[in-house]
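Chain by chain, the residues run as shown.
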Amino acid sequence: MAFIRDGDRKIVYDPGTVPSAASILEPLNELGYEAGDITDVIISHHHPDHCINVALFPNAVLQDMWGTYKGDQWSLRATTDGFDVTPGIRLIHTPGHTESDISTLVATPKGLVTFTHLWWTDTIPAPDDPVALDQPAFHKNRERILALNPALIVPGHGPAFAPSAENPR
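Computed from a predicted model, the values in this text were never measured in an experiment.

Student: Help me understand the overall build of the chain in this model?
Tutor: A count of helices and strands for the chain gives three helices and 11 strands. The order of helices and strands in the chain, counted from the N terminus, is β-β-α-β-α-β-β-β-β-β-β-β-α-β. The C-alpha radius of gyration computed for the chain amounts to 15 Å, which stays within 12% of the reference 15 Å derived for 169 residues, consistent with globular compactness. C-alpha extents for the chain along the principal axes are approximately 40 × 35 × 30 Å. Per-residue burial for the chain yields a buried fraction of 46% across its 169 residues. Taking contacts inside the chain between residues at least 6 apart in sequence as the whole, the part at least 24 apart equals 50%. Placing the 11 positive and 21 negative side-chain charges of the chain at their respective mean positions leaves the two points 7 Å apart.

What follows is the structure, encoded as structure tokens:
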């Protein structure tokens, strides 16, 4: 899980499986935010370990590959590839692990930060994703992300890392 702020938008990314809701909410409280303050929740894909806690944020718009959802209303998009959540936050479709994978690109003063499940950590999966539905797309989209020259990659299950030649392709 991660927290991203851009202007008045307060975004939680991938609120998946944790020992308790407090594991998500207490760090937000330490930053001065309550669950009701969150404006958006972005999920990288629909596996429970990335999305099971989306309902913790009653006022948030859920963003996924297909569209936006709030309460019982939804708006589907023709494509997620290049959808701007804010002027500084863009979603791109990066299938491989699942067909519904998206990566979140965040422009910061220190460079591009990419939130993605194309890496689980800085070293795995390598060389292939053992559960990927489409290995060629998985590798193609890793290269696509690296071609964007991100300053940091925030992988699906580990700490952020600066990409280097040592990271799996």
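Alright, that's what it looks like, and here's the rest.
Student: Looking at this model, I keep getting lost on the sheet that holds strand 5 (residues 67–70). Mind explaining?
Tutor: The pairing of strands in a sheet happens through backbone hydrogen bonds and is either parallel or antiparallel. If you trace the six strands from one edge of the open sheet to the other, you get 1-2-3-4-5-6, paired in mixed fashion. Of all strands in the sheet, those bounded by a partner on one side alone are strand 1 (2–6) and strand 6 (73–76). Direction aside, neighbouring strands of the sheet carry axes that sit 20 degrees apart on average. Taken together, the two bridges between strand 4 (residues 61–63) and strand 5 define a ladder with antiparallel strand orientation. Across the sheet, Leu62 pairs through a bridge with Tyr69, a residue of strand 5.

Student: Looking at this model, I keep getting lost on the sheet that holds strand 7 (residues 83–86). Mind explaining?
Tutor: Strands sit in the order 7-8-9-10-11 across an open sheet of five strands; the sheet is mixed. Where the open sheet ends on each side, the last strands, each with one partner, are strand 7 and strand 11 (152–154). Each strand of the sheet is rotated relative to its neighbour by a mean of 25 degrees, with strand direction disregarded. Where strand 10 (residues 111–115) lies against strand 11, three bridges are found, and the strand directions are parallel. In the strand pairing of strand 11, Phe115 is matched with Val154. Each of strand 8 (89–93), strand 9 (102–108), strand 10 and strand 11 is contacted by helix 3 (residues 135–147), which is oriented at about 155 degrees to strand 8, the strand it contacts most.

Each value, and the rule that gives it
Residues numbered from 1 in each chain as written. Predicted model: local features only at pLDDT ≥ 70, side-chain atom pairs only at ≥ 80, totals over all residues. Heavy atoms only, no water. Helix = DSSP H or I, 4+ residues; strand = E, 2+ residues; numbered from the N terminus. Rg over C-alpha atoms; globule rule 2.2 N^0.38 Å. Buried < 20%, exposed > 50% of the residue type's maximum accessible area, 1.4 Å probe, protein only. Contact = heavy atoms within 4.5 Å. Lys, Arg positive; Asp, Glu negative; His and termini not counted. Charge placed at Lys NZ, Arg CZ, Asp CG, Glu CD. Pairing = 2+ DSSP bridges. Axes fitted to C-alpha atoms, helices over the stretch in contact; angles between N-to-C directions.

Note that all results are geometric; they support no functional claim without further evidence.
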